[in-house]
Every structure is written in structure tokens, then in C-alpha cells.
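This is what each chain is made of:
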Amino acid sequence: MRFLLPASLATVPLALTLVVAQRGNTDQTASIVSYVDAHNAEALSLVERIVNINSGTRNVDGVREVGRVLRTELDGLGFRTQWIDGAAWQRAGHLVGERAARAAGAPRVLLIGHLDTVFERDSPFQKFERVGRTEARGPGVIDMKGGDVVLLQALRSLAAAGVLDDLHVLVVMTGDEEAPGRPLAVSRAPLIDAARGALAAVGFEDGAGDPLYAVTSRRGTATWTLRVSATAAHSSQVFRPDVGPGAIFEAARVLNGFREKLAGEEHLTFNPGLIVGGSAAQYAAGEATGSAAGKDNVVAATVVVTGDLRALSTEQFEHARKTMQAVVADRMAHTQGTLAFEDGYPPMAPTAGNARLLQLYSRASEMLQLGAVAAVSPDRAGAADASFAAGHVAMVLDGIGLMGRDGHTPRETADLTTLPTQTKRAALLLRSLARGAGTAK
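## Quick word on the overall build of the protein
From N to C terminus, the protein includes 11 helices and 18 strands. For the protein, the spread of C-alpha atoms along the three principal axes comes to 100 × 45 × 40 Å. When burial is assessed residue by residue, the protein has 52% of its 441 residues classed as buried. Sequence-distant contacts in the protein: of pairs separated by 6 or more residues, those separated by 24 or more amount to 78%. Carbon and sulfur atoms form 53% of the exposed surface of the protein, whose accessible area is close to 19,200 Å². The positive charge centre, built from 44 side chains, and the negative charge centre, built from 46, are 3 Å apart in the protein.

As C-alpha cells, this is what we get:
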């Protein structure tokens, strides 16, 4: 690393110059660490405050209220903030903030959070509750209101140490991460716009729940719908040359064909989650429910099956889709099948840039004597908003928020000891980016 020295040090011997630079580095680290420790109680209080605001994705008012609280926090750090209304995608909206650096050309970094949870207003799980000395249970405490606070506290500690002015920071906290509004091209446009031109994107999800791991790759998601029709007849005539096997047998053949052709491929999963079939069948996509009617002595005329598909790269998605379509096309007599896909979250493929960002994060962790951090398997990482930034930045790291266990369940529990440690790691990572780490040399 090249140190930029004030003119007053230009004639100082090199050995003494390096000592001064190193001392400045140590003092800065100490300032960051001391700030985080001194303000950890305030951070925990903010976690409790926003966890106690129900912000299930479809609770528009609750999501906006969490956004209002966090917007005030960003405003206090000198961010120019705005609320982007989500009416166009049937959701509450997103909180977006930007803080320019002191000097032109400073590294531009995108920080990603979300405001919503999976626990809607009718959920019995509503309140933050301390569980012993080092744990707390609450809706969204780790996914991801605790991560939002880690993000904020890291920025505050950098401001206290005089580093924040050296970064151009953008913050996007979406209001519908748990159930994204459609179309995705509209609901994720603010996030993608913020990612363009950024050096790196950092997501503050809880990831694997273990602070010794972070996320450098995530599988993308898609949904699929299989519809099969066939000739209805008396059951005594099933398989006759002019009748065929019926829709249920054909759907079973297709599903088993998917399994035979694709099961076991690394990082690829596909799962039929709902099936309805009989003489008549209806599927309500918006409600994820279906109904069917039929008789034991009638050959089934129709089947609808829905499921999801997860893959690590665009190429893997394309291969799986082509294979599945080929299975459907190889139909039995007197049946017809169609298979339709709808894209969800894009894949966040592992890249050299992502690995470099993890290396910087791990180095920060070791500097704090918290141990090295490794990449978690993408098979253990679900979909997240950081994936939308992946195609627009050179480096992405996710899963560095508040850690815990049992997310998305009424047992969602945070390990409160990781609130200050995750904040310190994130702050030192951002400091390394402010100094030009990760940029082309």
C-alpha cells in the first residue's frame, strides 16, 4: 500500500515515516473498536426498537415505520435519503441513502439491508425478548433488523474515526426482500441503479449464522408451473391406444424424469411444492392454493404442478430448463404438457472479486483477533438482495450481519455477543476499501 504523506513529512526518513503511518493505522483501529464498545448498548436498544415494530412484508405501514426510524439514523450521519414508494410493485417501498466522499474519485460502496420480515401482523410472534445474558429472541432480529443496525453502527464508528469522509457510500434497504414485489425489474431497479459504478457491494444478512463464515455466492431462484391435459375416459379404458394413460400418470412420468435427469447435479435443486389433478383442477397462483375434483373410476383429464428451481449460475439455469422442457416434450400418447418458468432472484456466482472481498474481511477479523472467515457453501445460503447487485459490481460479500439461529421461525434468536464483533469487522472492511484495497493496481 502506498501512503500519501503531508508535505511536512516529505523530508522525514522513510523508517520514521512508516512508523508514523502504522501508528495512525493503530490509532484509527483503536478508535473504531472503542466507539463500537462504548455504544453497543445504544445499538442493542435500536435493534429492540425496530424488532418491536411489526414489518411483515405486506404490512405496508409497519415497513414504512421501520424505514422512518432508520432514515432518521442515516440523516444523522449526513446521508441524503429518500423513500421510494412501492405502489408500482404492490409493496411499501425502499429506503435509499447516499453520502458523498470528501474528495472526488473516492471508492463507491453499496451497503444492502432490508426492512421487512416474514412475520405478518397476524403472527403471534411479535416482540423482542431477552433470553439469558447473551441472546434475544424476536421477529426479524437476525433476518435482518440486527444486520441493519450492524450496518449503521459500522458507519458511525467510521465517522468517529474520521474515515467515513473517504468513502462514497450508498445504502439501500428494501421493503420487500422476503416477498419481492413484481415485476422484479421494477421492484429491484433502485438497488440495481445503486450498484452500477460501485467498487463493491456488502450485504448485512445473517448468512450461515456463524461468524466464521460469510457468503460469496448464492444460488438464484426460479419458479415453474407444469400443466398436463389428457383424454378423459372411464377408468376401465385407461392405457387403451385411443385413450392413453391420463394426466396424472403423465405428470408422474414428467416429475420422475426431472429427478432421473437432474438429481445430484452439484448446487442444483428443483422441488415440486404443490400438485392438483383430476377431472378438473384449478390453481390460484397469487394465493399458492389449488383445488381438484375427480373420481376413482375416471381417467384424469388435467394436472397442475408448481415448484421451484435453484442454480448457481445462469448457465446452470439454462441447462436445467432445457433438460426439463425436453422431458415434458417426450410425452405419452394422448397427453399434452406445458412447462413455464418465472425468474426470481438471479444467481450470485462465485468470482475472484468476491473472494478478494472475503479476504479483506477475513484480514479485518484476524486483525481484531476474531479468527479467519471462510466462504460458506452456496447450498447453505438462500436467496437475498445482494444477488441483484452481483452483475453490476466487481466484488460482493454478504452474510455479515448479526448472527444467530432459527431465522424465519418463532424461535428466531440472536447471539448478542456478535453485535459488536460483526460491527467491528464490517467497519475495518470498509476502512480497507476507503484506502483503495480491492482496486486495480
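## With respect to the sheet that holds strand E17 (residues 404–405)
Strand order in the open sheet formed by four strands is E4-E5-E18-E17, with antiparallel pairing between adjacent strands. Whereas interior strands pair on both sides, the edge strands pair on one side only; in this sheet they are strand E4 (129–131) and E17. Taken together, the two bridges between E17 and strand E18 (residues 413–415) define a ladder with antiparallel strand orientation. Each bridged residue has a counterpart across the sheet, and for Arg405 the counterpart in E18 is Thr413. The strands touched by helix H4 (residues 141–160) are strand E5 (135–137), E17 and E18; relative to E18, the strand with the most contacts, the crossing angle is about 45 degrees.

## Remarks on helix H11 (residues 418–434)
Here H11 is 17 residues long and its end C-alpha atoms lie 24 Å apart, about the 24 Å a rise of 1.5 Å per residue gives. With respect to burial, H11 is a largely interior element, 17 of its 17 residues being buried.

## Some remarks on the environment of Ile400
The topology assignment puts Ile400 in the loop between strand E16 (395–397) and E17. Residue classification places Ile400 among the buried positions, given a relative accessible area of 0%. Each C-alpha atom, one on Ile400 and one on Ala214, is 6.0 Å from the other, the two residues being 186 residues apart in sequence.

## Here's the deal with the confidence of the model for the protein
With 94% of its residues at a pLDDT of at least 70, the protein reaches an overall mean of 93. Below pLDDT 50 for its whole length, residues 1–21 participates in seven contacts with residues either more than four positions away or in separate chains.

## Things to note about empty space enclosed by the protein
One simple way to see leftover space: roll a probe sized like a water molecule over the atoms. By the definition in use, this model includes one cavity of 30 Å³ or more. If you go around the largest cavity, the residues you meet are Ile112, Gly113, His114, Met144, Glu177, Gly203, Phe204, Glu205, Ala384, Asp385, Ala386 and Asp398. Partitioning the lining of the largest cavity into residue classes produces five nonpolar, three polar and four charged.

## Observations concerning helix H3 (residues 60–76)
In a regular helix each residue adds 1.5 Å, so 17 residues correspond to 24 Å; H3 covers 24 Å between its end C-alpha atoms and thus fits that length. When we look at burial in H3, the residues that qualify are Gly62, Val63, Val66, Gly67, Val69, Leu70 and Leu74. Along the long axis of H3, the arc covered by the buried residues comes to 160 degrees, so they all point the same way. Exposed and facing more than 90 degrees away from the buried side of H3 are Asp61 and Gly76. In this fold, the buried residues of H3 make contact with helix H2 (40–51), strand E1 (80–85), strand E2 (93–99), H4 and strand E6 (168–174). Backbone geometry just downstream of H3 places Gly78 in the positive-phi region, at approximately 90 degrees.

## Points about the pattern of salt bridges
With the rule as written, the count across this model stands at 20 salt bridges. Across the salt bridge formed by Glu73 and Arg156, the nearest N and O atoms sit 2.0 Å from each other. Of the two residues, Glu73 is situated in helix H3 and Arg156 in helix H4; the sequence distance between them amounts to 83 residues. Measuring nitrogen to oxygen at the nearest pair gives 2.9 Å for the salt bridge that ties Arg310 to Asp308.

## Considerations on the pairing of E6
E6 sits mainly inside the fold: seven of its seven residues count as buried. Neither face of E6 is open: one carries His168, Leu170, Val172 and Thr174, the other Val169, Val171 and Met173, and all of them are buried. Pairing analysis gives five bridges linking E2 to E6, with the strands arranged antiparallel. In the strand pairing of E6, Leu95 is matched with Met173. For strand E3 (residues 108–114) and E6, the ladder comprises seven bridges, and the chain directions are parallel. Among the inter-strand pairings, Gly113 is bridged to a residue of E6, identified as Met173.

## With respect to the layout of surface pockets
A volume near 1,100 Å³ is recorded for the largest pocket. Taken together, 30 residues form the lining of the largest pocket, with Pro180, Arg182, Thr223, Ala285 and Glu342 sitting closest to its centre. Counting residues per element, the ones that place at least two in the lining of the largest pocket are strand E9 (220–230), strand E10 (269–278), strand E13 (302–311) and strand E14 (335–343). When residues of the lining of the largest pocket are assigned to their parent elements, the largest contribution, five residues, is made by E9. Grouping the amino acids of the lining of the largest pocket by side-chain chemistry returns 12 nonpolar, 10 polar and eight charged.

Cut-offs applied
Residues numbered from 1 in each chain as written. Predicted model: local features only at pLDDT ≥ 70, side-chain atom pairs only at ≥ 80, totals over all residues. Heavy atoms only, no water. Helix = DSSP H or I, 4+ residues; strand = E, 2+ residues; numbered from the N terminus. Buried < 20%, exposed > 50% of the residue type's maximum accessible area, 1.4 Å probe, protein only. Contact = heavy atoms within 4.5 Å. Areas by Shrake-Rupley, 256 points an atom, 1.4 Å probe, with all protein chains shown as cover. Lys, Arg positive; Asp, Glu negative; His and termini not counted. Charge placed at Lys NZ, Arg CZ, Asp CG, Glu CD. Pairing = 2+ DSSP bridges. Axes fitted to C-alpha atoms, helices over the stretch in contact; angles between N-to-C directions. Expected span 1.5 Å × (residues − 1). pLDDT = per-residue confidence, 0-100. 1 Å grid on protein atoms, 1.4 Å probe; cavity = no way out; pocket = protein on both sides within 12 Å on 5 of 7 lines; lining within 4 Å. Points joined across faces, edges and corners; volume = space filled by probe spheres on them. Nonpolar A, V, L, I, M, F, W, Y, C, P; charged D, E, K, R; others polar. Arc of directions from axis to C-beta. Salt bridge = Lys/Arg side-chain N within 4 Å of Asp/Glu carboxyl O.

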